[in-house]
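In case you want the letters, here they are:
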Amino acid sequence: MTTTPRSRARSFDTAAALYAAHRPGYPEALYDAVEELAGRRFAGARVADVGAGTGIGTAPMRARGAEVVAVEPGDGMAAEFRVRNPGIPIVRGDGNRLPLAGARFDLLTFAQSWHWTDPERALPEARRVLRPGGALAIWWNDLDGSAAWVAEQSARIHAFFEAGGPGGGAGAVGGGGADSGFRTLPRGLGSAFATRSVAWSRRIPLEAHLANLSSHSAFLMLGGAGTQAFLDAERERLRPLFPDGVVEEPYVVSVSVAVV
Ligand SMILES: C[S@@+](CC[C@H](N)C(=O)[O-])C[C@H]1O[C@@H](n2cnc3c(N)ncnc32)[C@H](O)[C@@H]1O
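On a predicted model such as this, the values are computed, not experimentally measured, just so you know. (Residues numbered from 1 in each chain as written. Predicted model: local features only at pLDDT ≥ 70, side-chain atom pairs only at ≥ 80, totals over all residues. Heavy atoms only, no water.)

### A few points about the site of the ligand
The environment of the ligand is formed by 20 residues, the closest being Y19, Y26, G51, E72 and A111. Contacts to the ligand include G95, whose backbone N or O atom sits 2.9 Å from a nitrogen atom. A distance of 2.8 Å separates a nitrogen atom of the ligand from a polar atom in the backbone of A111. Compared with its free state, where it exposes 590 Å², the ligand has 97% of that area covered by protein. (Near = heavy atom within 4 Å. Polar contact = N/O pair within 3.5 Å; in protein donor to acceptor, adjacent residues only side chain to side chain. Areas by Shrake-Rupley, 256 points an atom, 1.4 Å probe, with all protein chains shown as cover.)

As structure tokens, then:
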């Protein structure tokens, strides 16, 4: 597969069920932080979740009482969204050209999806659909590189892709963190972004951890054989560290909110 930014952005469509099954969710503390930084609760708010994928970030907002609509460009991800979230409306489109009415939304969210947009187009679109006083919330959830095993794994992943991977770079796989250059917040909103970090963790089987890794775009672009070779080596490295076969994945969500 030829790697282009667009093909990589759409790589998730080939593995939507894998993505939904193994990608981490988000802690309730994240949604608390969004409410605090946006200055309003989800309950009763009109929310558009852009790049909603399979709905991992969308469903909790609905559970908090938001009137939420999902926006998703990918066929596979949108199909998986519909299966998993039959009660939440979804429209096809992307952050660069939102299929949404102007001045309507209290909150626009990009859960691990802002970096797939063209900010030159996505920012004006965000301004257009938000009502005055509405807020743009952008977040990324990374394995926490302050844990030694995460940092070591991240270094292995980066070395693997630098040594002949698909050419798109490792991106955020395996502890991307705030140093990931592609995570640039847009400028020019009504207020500057306020940012919070929310630490959390989950315990999952080693095989689920490996499946989670494989659902990242760098591996999806690489394809089966190369990915499997990396995962097999990783399994052997991690087994001694997690002898009971359960991996504790530590995460940090970095969430930034700006009010228009
Ligand atoms: C890493 S996934 C995040 C999905 C979901 N928000 C979550 O938290 O699990 C990135 C998503 O962004 C979507 N995407 C790709 N290009 C996009 C664009 N230009 N605007 C909005 N979303 C885009 C992909 O199809 C994919 O569903």
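Here the narrative resumes.
### A look at helix α3 (residues 28-38)
Restricting attention to buried positions, one finds in α3 the residues L30, Y31, A33, V34, E35, L37 and A38. Lining the buried residues of α3 we find α4 (59-63), β4 (105-111), β5 (130-143), β6 (194-205) and β7 (246-259). Within two residues after α3, G39 carries a phi angle of roughly 75 degrees, on the positive side. (Buried < 20%, exposed > 50% of the residue type's maximum accessible area, 1.4 Å probe, protein only. Helix = DSSP H or I, 4+ residues; strand = E, 2+ residues; numbered from the N terminus. Contact = heavy atoms within 4.5 Å.)

### Here we look at unusual backbone geometry
Phi at A103 takes a positive value of approximately 50 degrees, unusual for a residue other than glycine. You can see A103 is positioned in the loop between β3 (90-92) and β4. Its identity is not glycine, yet Q112 carries a phi of approximately 55 degrees, on the positive side. Assignment of secondary structure puts Q112 in the loop between β4 and α6 (119-129). Note on Q112: relative accessible area 17%, which makes it buried.

### Things to note about the pairing of strand β1 (residues 46-50)
A large share of β1 lies buried, amounting to 4 of its 5 residues. Note: β1 against strand β2 (residues 67-72), 5 bridges, orientation parallel. Across the sheet, V50 pairs through a bridge with V71, a residue of β2. Looking at chain direction, β1 and β4 are connected through 3 bridges and run parallel. Bridging across to β4, A48 finds its partner in L108. (Pairing = 2+ DSSP bridges.)

### Describing the nonpolar core
Residues L30, V34, F42, V47, L107 and W139 are the most contacted members of the largest nonpolar core, which totals 53 residues. Leave out the neighbours within four places in its chain, and L107 touches V34, A38, F42, R46, V47, A48, L130, A135 and A137. Membership of the second largest hydrophobic core comes to 21 residues, among which are W114, A122, F193 and A258. (Core = buried A, V, L, I, M, F, W, Y, C linked by side-chain atoms within 4.5 Å.)

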